[in-house]
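# Descriptive structure summary
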Amino acid sequence: MSAPSPPARPRPVRVGVLGTASIARRRLLPALAACPDTRLVAVASRDLATAEEAAAPYGCRAAEGYEALLARDDVDAVYVPLPAALHAPWVRAALTAGKHVLAEKPLSTDAATTRGLFALARDEGLVLSENVMFVRHARHTAVRRLIDDGAIGEVRAFHAAFTVPRPPDGDIRHSAGLGGGALCDMGVYPVRAALHLLGDGLRVAGAVLTAAPGSEVETSGAALLRTTEGASVHCAFGMEHSYRSFYEVWGERGQIRVEHAFTPPAAHVPVIRVERDGEIEDVTLAPDDQVANTVSAFAAAVHAGHSPDEAVTLRQAELLDAIRRTADRPESGPETPDNRRSQ
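Scope of this entry: the structure provided in the associated data block. (Residues numbered from 1 in each chain as written. Predicted model: local features only at pLDDT ≥ 70, side-chain atom pairs only at ≥ 80, totals over all residues. Heavy atoms only, no water.)

## Let's talk about the sheet that holds strand E12 (residues 254–259)
In space, the eight strands of this open sheet follow the order E8-E9-E10-E7-E11-E12-E13-E14, with mixed pairing throughout. Two strands bound the open sheet, and with one partner strand each, they are strand E8 (203–210) and strand E14 (279–284). On average, each strand axis in the sheet is tilted by 10° relative to the strand beside it, whichever way the strands run. When E8 meets strand E9 (residues 220–226), the two strands line up antiparallel, connected through seven bridges. Following the sheet pairing, Arg 203 is matched in E9 by Arg 226. Lying on the sheet, helix H6 (residues 138–148) is in contact with strand E7 (155–163), strand E11 (244–251), E12 and strand E13 (271–276); it crosses E12 at an angle near 175°. Here helix H9 (residues 310–327) sits on the sheet and contacts E8 and E9; the angle it forms with E8, its principal contact strand, is near 60°. (Pairing = 2+ DSSP bridges. Helix = DSSP H or I, 4+ residues; strand = E, 2+ residues; numbered from the N terminus. Axes fitted to C-alpha atoms, helices over the stretch in contact; angles between N-to-C directions. Contact = heavy atoms within 4.5 Å.)

## Here's the deal with the sheet that holds strand E5 (residues 100–104)
Strand order across the open sheet formed by six strands is E3-E2-E1-E4-E5-E6, with parallel pairing between neighbours. Both edges of this open sheet fall to strand E3 (61–64) and strand E6 (128–131), since each of them pairs with a single strand only. Pairwise comparison of adjacent strand axes, ignoring direction, gives a mean angle of 25° for this sheet. Where strand E1 (residues 13–18) meets strand E2 (residues 38–45), six bridges bridge the pair, whose relative direction is parallel. Across the sheet, the residue bridging to Val 15 is Leu 40, located in E2. Sheet strands in contact with helix H4 (residues 84–96) are E1, strand E4 (77–80), E5 and E6, and its direction is about 165° off that of E5.

## Description of the side chain of Ser 129
Mapped onto the secondary structure, Ser 129 falls in strand E6. Contacts of Ser 129, omitting those with residues within four sequence positions, involve Val 101, Leu 102, Ala 103, Phe 298 and Asp 309.

## Some remarks on the nonpolar core
If you look at the biggest cluster of nonpolar residues, it comprises 44 residues, and the most contacted ones within it are Val 143, Phe 158, Tyr 247, Val 249, Ile 256 and Phe 262. In terms of residue count, the dominant contributor to this core is helix H7 (residues 182–198) (10 residues). Formed by 26 residues, the second largest nonpolar core is a distinct cluster that contains Val 13, Ala 31, Ala 54 and Ala 301. (Core = buried A, V, L, I, M, F, W, Y, C linked by side-chain atoms within 4.5 Å. Buried < 20%, exposed > 50% of the residue type's maximum accessible area, 1.4 Å probe, protein only.)

## Section: H6
For the α-helix, the turn length of 3.6 residues means that residues three or four positions removed from each other point alike. All buried positions along H6 are accounted for by Arg 139, His 140, Ala 142, Val 143 and Ile 147. Looking straight down H6, one finds that the buried residues subtend no more than 155° of arc, so they occupy a single side. Elements that come into contact with the buried residues of H6 comprise E7, H7, E11, E12 and E13. (Arc of directions from axis to C-beta.)

Shown next as structure tokens:
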């Protein structure tokens, strides 16, 4: 009697890309083309020559205009790497056109809009996912396991930072109209890391957002949050700094530190430093490709018909809103003769 045949592999998800942003060219287009569970069908740009240039290395089609790509009947899903302020209208258009969506972070620029987009996806029976790739890297699962296993005892504090040098003039991150600014572009990393490792019971206790002279968006900031158990969570972010990408989890017995936490290349050898009871252990893991993992996870979600990260994406959006509200209401400084006279 012959052995049963293995189950048939689902058909690859046929993906189109709305835009030719740097993140798409450098990371997602190669990953979509390489993943056995996806097939890169077309790349769209407002300029046909730009679309053709981006599509050429992968032998896929070029589309002039985003509407033309959404009208294709050989596209099951779209990836949206547009500026943040354009995410919501084009995610909405894609869902209305019957396409599953993987959108760059942030999914939208406010929690109410994010909530509405997920509601639309559910109504249409489609998958919607925000592209926060670092959570797909295996080392963060390893860190969470260490915490859950009590390796450093009860968590007392969490510190994380993601900062980058100043982007060049003209970069979309400097534009308020396009949804730029350090909070949504860099702040999402430490905030999401805290959610990923400590759970969704975080609350904002204080925040600061600072704009460099002449800037129309915030260029740096920090937020203080707390868990339901009372642990403090400090998140720093900015785009006028030296590059920093790390987090630390402090516990009653020791601490866990992760460097190069958020945007490591696929060949990076990750190390988790664990300090406990006066001893230091460097736990070295195998390299992991968080971009490939993200594409595979999206394809699996499409095949399953379920948006797996809806709750945490919405909670993240709510926290970013709360950080902005808190920073917009600074307390008055100590009373002085000068400010008494101004009252």
